[in-house]
Structures are given as structure tokens and as C-alpha cells.
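Architecture at a glance
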Amino acid sequence: MPYDPGPDVVEVVRAPKGGALRGTYRAFGETLRGMKTTAARWAEGTHTYQYPEEKTPVYPRFRGRHKLHRFEDTGLEKCVGCSLCAAACPADCIRVVADENTPENRVSAGERYAAVYEINLSRCIFCGYCEVACPFDAITMGHDYELSDYNRSDLIFTKEMLLAEPLERTPLRAAGE
Amino acid sequence: MTVFAEVGYYEAWWIQLLKAVAIFAVVFQLVPVVLLAERKLLGRFQHRYGPNRVGPYGALQPMADIGKLLFKQDFRPAGSVGWMFALAPVISMFTACATLALVPFSDTVDIFGTQVGLYGIDPSIGILYAFAFGGLAFYGLMLGGWASGSKYSFLGSMRAAAQLISYEIAQGLALVGVVMMAGSLSLTEIVEAQSGPDNLWYCIPQFVGFIIFLVAGFAETNRPPFDLPEADAELVQGYITEFGGGRFAAFFAAEYLNIIVVSALTTTLFLGGWNVPFVDPPTWVDPIVVLVKTLALVFLFIWIRATLPRLRYDQLMSFGWKVFLPLATVNALVTAILVVVW
């Protein structure tokens, strides 16, 4: 019994229908229709962001450059140097060296603090696993996406750079936008 | 000696020299304007702004492009044929400029007591002169592609040859109707035949010829949807693949000059040249009218480019030979019968 494909099979039109004259007439009409379409696009106006002056707004959950956080009341760092973010990082771009807090030198709220905290942003894939892994919400993904530099070593962000109040260079997308 | 063509009106040699410089200067200045207009309009058709960084509203963009091209290294591939490679852009440029001489901007006018025809030359063979130089323009493309010693360039030039030959026939036949109605090959007389209240512009009685001439004009200038010789997606610019720097600039300028020339010829032949319907403007308006009509047609070229995708090669060929050629022939025959009967 031959295979019956049923009603799903649609015949493919391989050539324009009709004779040459009808085809020409239709091509002419279709050209006019196409021109109407493009002219309508023109009438719609531009949808361009004038980039360097006007930044593309990002969504609130956009994963841009990382930020490290401090407690707002005490000013102590949230990071306790547990290296869970470094362990979670698939690109292996985070380096944490922990040190003990002492009463004279109290940096974080916990027992230990991150003496060195570096993120190599030329390796980072912006997956956000560090943010998920962090037990104290000390590292979050910010909104900054303008991350170009003139050499690679400048893309290794140190703790001070990550802690610093970021230049709010990226506009947030308004609700419904 | 056999005289192949006569020239309707002779001026003193210095007037002819001045005219040549003036026409070339004016129309050649349109090239950067059209270049910028194309990029900005294509942008608008695609929800973009187009170039708007260099100068006010991006007005200096063509200058920046030209500067970039002229300061580039004049590279020549090892497998190319030197003198042909150097000659090809020159031929393209030369034929494009030579056709300019034909475009009438006005009839003979009186400037400071001297009778001057506002056109480069008005030979009795008229439009045939344009076709002669159109035929020569093949060599620019053919030699360019062939001399490059590259497969893509060769394919592009082969396509160019086939396409230009097929469409030039249809274009020539489309004009036969106009020539018969006007009873002359001279462009100024064709324009005169379209003036006055009793005469329509030929785009109305010769509508079919107008469409054929325009579409064949798209093909002749290698504009989308007939840009198969260039076909940036498949042939990486075809015959100009190996050209860079000033030579590429010459090809590029010649292409845009061709667009302007074809638009100007269409204006002359079908859109009544310097005539304006219902009013009789003073003579000094005439060149402006011609330029405005020409630029309107250039806008149409750009609009079509923004609208239509490139044809497949076999479709292009069957369109040219199976549709346009018979249509143009029938148009010429019907016009001939009507001209005799009327």
C-alpha cells in the first residue's frame, strides 16, 4: 500500500503562474505594492538609538558588569572571602584570596574578608552563577555593558573597582518599554 | 568622406569648451549628492538615519569616503593584466561622462548676446550616440573583470556582458516608439515635440516604452534588482572585487554617474525635458527643471533598490528575452501603425 501523506502535503509552486504578459503585469503590480510597503516604513520614522549619546536601555535583570556591595549602615563589605563564586564560575575568571578580620582591621561583617578579589572581565561570560552562588548577596550583576579597554590587563577588575559606586551609565528600561 | 552624423548647431570653440567644463562640473557634483542621498534614503527606508556623523547631518560623508578611497594603496593582484586593469575604470568613467554631453538642459538661449545651446552636443543621430557609448561601457566592465585574474570578477563580468547586451536591445527598441512619434533622433527635437498644450509627455502615450526603458535602465546601470554583475552576497562585487583605492572610486563614480545619465535621458525622452505642464517658465528655469526631474528619477532608483530583492540569473535572462524584447517589439509595431494611421 503506498504511503498516503494525507492533507498535510501542500503543492509547492515552482514557477510563476500565467503567461508572460500576465506575469509582467503582476510583477509590475507587486513592485508597486512593495514600493508602497517601503514608503510606509519611511513614514514610520526611525527606530535608532544614537548610541554614544543615547544608550540602549537595559532590563532590570540584565547581566552586565559585576558589583560588590557593602552594608549600608556599617559600611562593611558583604563579601566574606568564601570563594564560592570562584568555585561556581564556569569561565574561571574570579580570583579570591581571603584573610582574617582583626579588631584593628575590620573589613567585612564575617570572620574573614577578601584581601584580593579580582574578576577578569575579558574571560567572564556574564552567566551570573557567581551572583547565585554568593550566600551573602555580596556580588551582583550590574547594568554596565560598556566594557572595552585598550589592553587586556585593564580588564582585570580589582575589588576597589568593583566596590566603587558605578557610574550609572546605563539607563533602565521603563515598564512596558 | 561619408558623413555619419550632422550637428544641428555649432558654437565657437571656446563656448564649446566652457560648456563641456560647466556641464561636467555641475553633473559631476551631483555624484556625491546622489551617493549621500542613497545612503540616507536607504537608511530611512530601513528605520535608520543613515550617515549623520561627518559634518552637519552627515553631509561630508561622501567627502570622507572619497578621501579614504584616494589615500588607499593602489593594489593590483599578481595574476592581473596590468594595462587592461588600469584601463577599465578609465573606460567606465569616460563613457559615463561622454553620454552626459547629450543631455539637453534647454534649447539655444541668448547669453550676453551669444547664442548658446544648453547641451554638450546635439548630433543628428542623437540617441544613437548614447547607445554607442553605452555599448562601449561594456568594455569597462568586461576588461575590469577579465583583467583581474579572479574567478569572481570573471563571473561578474560574464554576467555583466550577458545582462547588458540583453537589456540594451530592449532599451533600444523601447525608444523606437518615441523616435517615431517625434520624427527625429535629436534629443532637443524630441523635447520640442513634447512641449506645447497639444502634446503629451511621452511617458503617457508611450507608457509601455517608458516602463521598458526605465527597467532596462536599471539593468544597464547594474542597479538592484538587476545588480547581478556585482551581487555583493554571492560574487563579492563581481568585476570590481579586485579593485581598490582610486580605481574603485572611478568605477563607483562611473556607476553613479550612469544613474544620473540614465535618469537625465529618461527625463529628456519621456518626461518632457525642460517642459513644465500648463505654465511657460522663463528660460533660466529650464536647467533647474531638468535637474529636478532627473533627481526625482534618481530617487526612484533608490526607492526601487530599497524595495526589490535581486533577481535570479535565469529569471533575469528570461525576463529580458522572453518578456521585454517581445513587448518592446510589439510596442514599436503598434506605435508605427498608429503614427501612420493618425
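Notes on the structure in this doc start here. Here the structure is a predicted model, which means the values were calculated and not measured.

Looking now at the overall build of chain A. Looking only at helices and strands, one finds four helices and five strands in chain A. Helices (α) and strands (β) of chain A occur, in sequence order from the N terminus, as α-β-α-β-β-α-β-β-α. Taken over C-alpha atoms, the radius of gyration comes to 28 Å for chain A, far larger than the 16 Å a tight globule of 177 residues would show. For chain A, the spread of C-alpha atoms along the principal axes amounts to about 95 × 55 × 35 Å. In chain A, buried positions account for 16% of the 177 residues.

So, on to the overall build of chain B. Of regular secondary structure, chain B possesses ten helices and two strands. Starting at the N terminus and walking to the C terminus, you meet the elements of chain B as α-α-α-β-β-α-α-α-α-α-α-α. Over its C-alpha trace chain B gives a radius of gyration of 20 Å, about what one expects of a compact globule, namely 20 Å for 342 residues. The C-alpha extent of chain B, read off along each of the three principal axes, is 60 × 55 × 50 Å.

Turning our eyes to something else, we now look at the interface of chain B and chain A. Listed by partner, the interface residues are twelve residues for chain B and twelve residues for chain A. Elements supplying a minimum of two residues to the side of chain B that touches chain A: helix 1 (13-45), helix 9 (286-307) and helix 10 (313-341) of chain B. Per-element tally for the side of chain B that touches chain A: the top contributor is helix 9 of chain B, with three residues. The residue makeup of the side of chain B that touches chain A, split by class, is six nonpolar, three polar and three charged.

All names here are of chain B. Within the fold, Val208 resides in helix 7 (residues 207-220). Along the chain, Val208 and Val330 lie 122 residues apart, while their C-alpha atoms are 9.8 Å from each other. Contacts of Val208, omitting those with residues within four sequence positions, involve Leu327 and Asn331.

Right, let's talk about the packing of helix 2 (residues 61-70) of chain B against helix 8 (residues 245-270) of chain B for a bit. All names here are of chain B. Two elements in contact, helix 2 and helix 8, have axes separated by 7 Å at closest approach and are oriented at 140°. Here helix 2 is positioned oblique relative to helix 8, judged by the angle of their axes. Contacts between helix 2 and helix 8 involve Ile66, Leu69 and Leu70 on the former and, on the latter, Gly245, Gly246, Phe248 and Ala249. Tallied by class, the residues present in the contact of helix 2 with helix 8 amount to five nonpolar, two polar and no charged.

Formed by 85 residues in total, the largest nonpolar core has its most connected members in Ile212, Ala216, Leu257 and Ile260 of chain B. Sorting elements by how many residues they give to this core places helix 8 of chain B first, with 14 residues. Those residues within four positions of Ala216 of chain B in sequence are excluded, and the remaining contacts are Tyr167, Ala170, Gln171, Ala174 and Phe324 of chain B. One finds Cys89, Cys134, Ala138 and Phe157 of chain A within the second-largest nonpolar core, a separate group that totals 19 residues.

To continue, consider the pairing of strand 3 (residues 112-120) of chain A. All names here are of chain A. Bridge analysis of strand 2 (residues 94-100) against strand 3 gives seven bridges, and the strand direction is antiparallel. Its bridge partner being in strand 3, Asp99 is matched across the sheet by Tyr113. Pairing of strand 3 with strand 5 (residues 156-157), which is carried by two bridges, proceeds in the antiparallel orientation. Within strand 5, the position partnered with Asn120 by the bridge is Ile156.

Definitions and cut-offs
Residues numbered from 1 in each chain as written. Chains lettered and ligands numbered in written order. Predicted model: local features only at pLDDT ≥ 70, side-chain atom pairs only at ≥ 80, totals over all residues. Helix = DSSP H or I, 4+ residues; strand = E, 2+ residues; numbered from the N terminus. Rg over C-alpha atoms; globule rule 2.2 N^0.38 Å. Buried ≥ 20, exposed ≤ 12 C-beta atoms within 10 Å, placed from the backbone. Contact = placed C-beta atoms within 7 Å. Nonpolar A, V, L, I, M, F, W, Y, C, P; charged D, E, K, R; others polar. Axes fitted to C-alpha atoms, helices over the stretch in contact; angles between N-to-C directions. Parallel < 35°, antiparallel > 145°, perpendicular 65-115°, else oblique. Core = buried A, V, L, I, M, F, W, Y, C linked by C-beta atoms within 7 Å. Pairing = 2+ DSSP bridges.

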